[in-house]
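Residues per chain, in single letters:
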Amino acid sequence: MTPDKPRPVRLRWWFLGWVVLVLLIASGFVIPQLIHRDPCERVIPYATAMGLRLSDDEAVVSCTSYPSFPDSSAKVVVRTASPATRAALLERSEVSEDLERNLVSLNDGPFREEVRRPNLERSEQVYVANRSGGDVLTITYEERKEAGLLLTVWAMET
């Protein structure tokens, strides 16, 4: 009688196979991060696809990516040279002042639209563009910080 192969050898091969599989999957996530260390390489094209239009007058300060499924977003901090270049960036990116619209009726009368401009009441200025498919580009700046020349751009995919 010849003895069968011991079971521990077979279990070791299965274990080794699982370890190799996990390492291959993990390397698929780690290697691209090592190759693309600068987050702006991914974030700037993403924000540009959402409508951000940068020119040579603006300097990108930082970029952050927030990948998630199904919604992902990117944050770009941009420094403009002057209020005029800031206004030009807002216009090129086709964002408009964030407005609050409400329908109101007085004494059961006809409804009318009431528009409120929150930017007039706060120091943080918010400009928004709703893109096709529900995507949103938001540009904000604080007038009291760096004379309003430091802008935060959020590109959100929904």
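Residues numbered from 1 in each chain as written. Predicted model: local features only at pLDDT ≥ 70, side-chain atom pairs only at ≥ 80, totals over all residues. Heavy atoms only, no water.

Trainee: Explain the overall build of the protein chain here, please?
Mentor: Along its length, the protein chain carries three helices and eight strands. For the protein chain, the α and β elements follow one another from N to C terminus as α-α-β-β-α-β-β-β-β-β-β. Burial status across the protein chain gives 27% buried among its 158 residues. Once local pairs closer than 6 in sequence are excluded, the contacts in the protein chain between residues at least 24 apart make up 47%. (Helix = DSSP H or I, 4+ residues; strand = E, 2+ residues; numbered from the N terminus. Buried < 20%, exposed > 50% of the residue type's maximum accessible area, 1.4 Å probe, protein only. Contact = heavy atoms within 4.5 Å.)

Trainee: Just to check I follow, could you spell out the state of the cysteines for this structure?
Mentor: In this structure the tally under the stated criterion is one disulfide. At a sulfur-sulfur separation of 2.0 Å, the disulfide partner of Cys 40 is Cys 63. For the disulfide bridge between Cys 40 and Cys 63, the dihedral angle about the S-S bond is near 100°, and by the sign convention the bridge is right-handed. Placement of Cys 40 in helix H2 (residues 40-50) and of Cys 63 in strand S1 (residues 58-66) is noted, with a sequence separation of 23 residues between them. Residue class for Cys 40 comes out buried when judged on its relative accessible area of 18%. (Disulfide = S-S within 2.5 Å.)

Trainee: Any chance you could explain the pairing of strand S8 (residues 150-157) here in plain terms?
Mentor: Taken residue by residue, a regular strand's side chains alternate between the two faces of the sheet. When strand S2 (residues 72-80) meets S8, the two strands line up antiparallel, connected through eight bridges. Bridging from a neighbouring strand, Ser 73 pairs with Met 156 of S8. Pairing analysis gives six bridges linking strand S7 (residues 136-142) to S8, with the strands arranged antiparallel. In the sheet register, Val 136 faces S8, and the bridge partner there is Met 156. (Pairing = 2+ DSSP bridges.)

Trainee: Explain the side chain of Arg 86 to me, please; I cannot follow it from the model alone.
Mentor: Tracing the chain through its elements places Arg 86 in helix H3 (residues 83-92). In this structure, Arg 86 is in contact with Thr 80, Tyr 141, Ala 147, Gly 148, Leu 149 and Leu 151, ignoring residues within four places of it in sequence.

Trainee: What should I look at first to understand the sheet that holds strand S6 (residues 124-130) in this one?
Mentor: Across a sheet, paired strands are connected by hydrogen bonds in the backbone, their directions being either parallel or antiparallel. The strand order S1-S2-S8-S7-S6-S3 describes an open sheet built from six strands, whose pairing is antiparallel. Every interior strand has two partners, whereas the edge strands, S1 and strand S3 (96-97), have only one. Across the sheet, H3 lies against S1, S2, S6, S7 and S8, angled at about 150° from S2, the strand it touches most. (Axes fitted to C-alpha atoms, helices over the stretch in contact; angles between N-to-C directions.)

Trainee: I keep staring at a nonpolar patch on the surface and nothing clicks. Help me out?
Mentor: A surface patch of nonpolar side chains, about 450 Å² in accessible area, is lined by Trp 13, Leu 16, Val 20 and Leu 24. Position of Val 20 relative to the elements: it lies in helix H1 (residues 7-35). The class of Val 20 is partly exposed, set by a relative accessible area of 43%. (Patch = residues over 30% accessible without salt bridge, like charges linked within 9 Å, V, L, I, M, F, W, Y side chains within 5 Å. Areas by Shrake-Rupley, 256 points an atom, 1.4 Å probe, with all protein chains shown as cover. Salt bridge = Lys/Arg side-chain N within 4 Å of Asp/Glu carboxyl O.)

Trainee: What exactly am I supposed to notice about the nonpolar core here?
Mentor: Most often, soluble globular proteins keep nonpolar side chains buried together rather than apart. Counting 20 residues, the largest nonpolar core has Leu 52, Val 76, Leu 90, Val 95, Leu 137, Ile 139 and Val 153 as its most contacted members. Listing elements by their share of this core, those giving two or more residues are H2, S2, H3, S6, S7 and S8. The greatest single-element share of this core, amounting to four residues, is contributed by H2. Beyond its immediate sequence surroundings of up to four residues, Val 153 is in contact with Leu 52, Ala 74, Lys 75, Val 76, Val 78, Leu 137, Thr 138 and Ile 139. (Core = buried A, V, L, I, M, F, W, Y, C linked by side-chain atoms within 4.5 Å.)

Honestly, that's just the spatial picture; any functional story needs more than this.
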